[in-house]
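What the coordinates show
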Amino acid sequence: MAEVILMPRLSDTMTEGVIAAWHKKVGDTVKKGDLLAEIETDKATMELESYKDGTLLHIGGEKGSKIQVDQLLAIVGNPGEDVSGLLGGAKSAANTPLPETSNPLPAVDVSKMSASSSDRDEVVLMPRLSDTMEAGVIANWNKKVGDPVKKGEILAEIETDKATMELESYKNGTLLYVGAPKGEKILVNDLLCIIGDKDKVDVDAVVAAIKSGSGSPLTATGNKQAGTNTQQPALPSVATSDGRVKVSPLAKKLAAEKGIDLRSITGTGDGGRITKADIDNYKEKKGGVSLESVAGSSKLESAAEPVQAEKTAATYIAPVVMGQEGYTDLPNSQMRGIIAKRLAESKFSAPHFYLKIEINMDGAIEARVKLNVLSPVKISFNDMVVKAAAMALRRHPAVNASWLGDKIRRYSHVHVGVAVAIEDGLIVPVIRFADQKTLPQIAAETKELAGKAKNKKLQPSEFTGNTFTISNLGMMDIDEFTAIINPPDSCIMAVGRIKEVVVRKADSFAVSNVMKVTLSCDHRCVDGATGAAFLQTFKQFLENPVTMLL
């Protein structure tokens with residue numbers, strides 16, 4: 001029986017999507033997990049996979065068309081099946097888009113239309129939510145077995161190696177089975193849950209068929225290829241108003257947990273809807289302590305009175321110290337496990353060599369003061385480092401590259417990753433097209449991504465695609481250090497603190513501000529002279545910042 005696929009809400013502010021590309025055409029065979037289309041939202045272009053086997057019978061619009069959220073995107077069913085009834089009286093010919101002003105079509109519950117077991121239930125597999133994800137940990141189930149589930153409701157929160165992401169249901173029905181309780185791990189493409197009609201689905205038979213790998217239709221055609229997602233991670237849909245406020249389900253839940261009165265919050269979502277970001281921002285304004293305020297606080301002072309030991313001829317008897325040995329074993333988080341695996345592979349497979357340079361930052365310090373008088377966003381020294389590195393990469397494309405075994409890939413775009421330390425380890429948000437952005441743009445984007453990273457709410461598009469990485473420990477008083485290359489990059493730049501040193505100028509001495517930088521290079525694709533030339537250009541930009549504005 002044919003099934004309607006509606007335009008999903010792929011961001012909290014999305015009201016419509018633009019068809020960037022169709023990967024299937026009407027009449028093509030579609031398998032569960034096949035890439036159907038690329039959807040351009042207000043924030044990113046995302047891939048949409050099919051969650052059903054069949055034939056593509058109808059599309060809601062050609063490439064470039066705009067489709068409202070919850071309006072008809074596509075219909076998948078049996079070859080030659082009549083879908084005119086699902087179009088609400090519209091023409092059944094393929095490629096006929098629905099008017100943007102039409103009412104959203106209701107979800108179609110296939111379980112009520114067919115006696116075939118493969119149509120009556122829906123097997124949901126653990127999706128791959130990041131490029132390095134191998135398993136997901138159930139951070140929380142928002143539904144329990146036996147609960148009714150509506151299309152768009154949040155099923156669970158999944159902790160990956162890089163973020164905790166919300167997983168929405170794409171089907172109406174009842175949650176009949178969950179693959180693991182809260183806190184347990186499920187491998188990518190293993191059984192996450194089953195949604196269907198409790199009176200028509202033999203759950204034990206479905207689970208047994210999947211675990212035995214029998215190739216039954218209930219196993220979603222046994223598609224185990226890497227990267228196959230049976231659901232698309234998405235943000236919560238707009239919730240109905242409680243009579244006074246409009247709030248997303250997750251925001252409402254968080255507000256209740258934190259004791260926040262929703263009436264005191266102004267929503268920034270569609271139609272004034274309160275989102276999770278509004279709850280987080282409320283917390284920061286009311287109870288947060290900024291790093292700047294901490295940095296500006298007075299330092300604690302401690303003093304100890306010297307104790308003069310009295311010399312005597314008596315025998316000194318040492319006190320008996322009673323201690324107890326002990327230790328605590330802490331299980332590795334998803335993120336820590338992936339960090340260990342990927343960086344070990346990088347360190348032991350890529351032949352690292354290191355280039356160090358010292359940069360006079362007097363000009364950068366003076367320029368930053370002037371820039372911050374005019375900039376709408378406070379510019380940090382790290383923002384200047386990102387900009388200088390991005391522009392130097394534009395001049396030295398051999399550094400902006402990846403080793404692919406049988407070839408070297410040089411990128412025409414410059415995406416700079418900025419390492420951010422979080423509680424569980426390290427994550428690298430990416431400033432895309434950094435060479436084309438102004439310093440205020442880089443500053444604003446870096447601050448936003450760092451905030452998302454620390455809340456584990458980065459989307460995959462925000463922490464993948466880097467062509468070069470910067471790790472800065474200067475704010476922690478580290479003079480200099482070396483960093484392990486972050487795959488697939490060929491280089492990573494380790495940045496130390498700005499330090500005052502005494503230098504000789506002509507016949508006298510003066511104080512200058514210097515910063516030490518170490519470039520780790522993969523010798524398979526970057527030679528010493530190539531890395532040195534890049535550092536010389538980087539140094540010139542930072543020592544004469546006005547050149548970055550040309």
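None of the values given here were measured: they were computed from a predicted structure.

1. Details of the packing of helix α8 (residues 381-395) against helix α9 (residues 439-454)
Contact pair α8 / α9: the axes reach a minimum separation of 9 Å and the direction vectors enclose 120°. The handedness of the crossing between α8 and α9 comes out as right-handed. Packed against α8, whose contacting residues are D383, M384, V386 and K387, the element α9 presents L439, I442, A443 and T446 at the interface. Per-class residue counts for the contact of α8 with α9 are five nonpolar, one polar and two charged.

2. Some thoughts on the nonpolar core
Within the largest apolar cluster, 53 residues are counted, with the highest numbers of intra-cluster contacts made by F468, M493 and F538. In this structure F538 touches I359, V385, A388, A389, A392, M493 and V517, once residues within four positions along its chain are discounted. One finds M126, I138, L155 and L192 within the second-largest nonpolar core, a separate group that totals 21 residues.

3. Quick look at the environment of L355
Examined against the element boundaries, L355 turns out to sit in strand β17 (residues 352-360). Note on L355: relative accessible area 19%, which makes it buried. Sequence spacing of L355 and A529 is 174 residues, and the spatial spacing of their C-alpha atoms is 9.9 Å. Setting aside its immediate chain neighbours within four residues, L355 contacts V517, T518, L519, C521, G528, G531, A532 and L535.

4. Let's talk about the sheet that holds strand β20 (residues 416-418)
Read across the open sheet, the six strands follow the order β17-β26-β25-β24-β20-β23; overall the sheet is mixed. Strands with a single pairing partner mark the edges of an open sheet, and in this sheet they are β17 and β23 (430-431). Both strand β24 (residues 468-472) and strand β25 (residues 491-505) contribute to a ladder of four bridges, which runs parallel. Considered in β25, the bridge of I470 is made with M493.

5. Observations concerning the confidence of the model for the chain
When pLDDT is averaged along the chain, the result is 79, and 77% of the positions lie at 70 or above. Below pLDDT 50 for its whole length, residues 215-244 participates in 87 contacts with residues either more than four positions away or in separate chains. Here residues 284-314 is modelled with pLDDT under 50, and outside its nearest four sequence neighbours on either side it reaches three contacts, counting other chains as well.

6. Quick look at the pattern of salt bridges
Here the structure, examined in full by the defined rule, presents 18 salt bridges. Between K452 and E448 there is a salt bridge, with its nearest N and O atoms 3.9 Å apart. On the criterion of helical spacing, the pair formed by K452 and E448 is a turn pair, its members being four residues apart in helix α9. Salt bridges here are not isolated pairs; linked through shared partners, they connect K356, E480 and K516.

7. What about a nonpolar patch on the surface?
Taken together, M475, M476 and I478 make up a surface patch of nonpolar side chains, about 330 Å² in accessible area. Following the sequence through the fold, M476 ends up in the loop between β24 and β25.

8. A few points about the sheet that holds strand β8 (residues 72-77)
The four strands are arranged β1-β8-β6-β3 in an open sheet whose pairing can be described as antiparallel. Each end of this open sheet is capped by a strand with a single partner; those strands are β1 (3-6) and β3 (29-30). As paired strands, β3 and strand β6 (residues 54-59) are joined by two bridges and run antiparallel to one another. Residue pairing in the sheet places V30 in a bridge with G54 of β6.

9. With respect to empty space enclosed by the protein
Throughout the structure, instances matching the rule amount to two cavities of 30 Å³ or more. In this structure, the second largest cavity encloses a volume near 30 Å³. Forming the boundary of the second largest cavity are V418, V420, P429, I431, T446, L449 and A450. Ranked by the residues each element gives to the lining of the second largest cavity, the list is headed by α9, at three residues. Partitioning the lining of the second largest cavity into residue classes produces six nonpolar, one polar and no charged.

Cut-off values and rules
- Residues numbered from 1 in each chain as written.
- Predicted model: local features only at pLDDT ≥ 70, side-chain atom pairs only at ≥ 80, totals over all residues.
- Heavy atoms only, no water.
- Axes fitted to C-alpha atoms, helices over the stretch in contact; angles between N-to-C directions.
- Helix = DSSP H or I, 4+ residues; strand = E, 2+ residues; numbered from the N terminus.
- Left-handed = near helix turned anticlockwise from the far one by under 90°.
- Contact = heavy atoms within 4.5 Å.
- Nonpolar A, V, L, I, M, F, W, Y, C, P; charged D, E, K, R; others polar.
- Core = buried A, V, L, I, M, F, W, Y, C linked by side-chain atoms within 4.5 Å.
- Buried < 20%, exposed > 50% of the residue type's maximum accessible area, 1.4 Å probe, protein only.
- Pairing = 2+ DSSP bridges.
- pLDDT = per-residue confidence, 0-100.
- Salt bridge = Lys/Arg side-chain N within 4 Å of Asp/Glu carboxyl O.
- Patch = residues over 30% accessible without salt bridge, like charges linked within 9 Å, V, L, I, M, F, W, Y side chains within 5 Å.
- Areas by Shrake-Rupley, 256 points an atom, 1.4 Å probe, with all protein chains shown as cover.
- 1 Å grid on protein atoms, 1.4 Å probe; cavity = no way out; pocket = protein on both sides within 12 Å on 5 of 7 lines; lining within 4 Å.
- Points joined across faces, edges and corners; volume = space filled by probe spheres on them.

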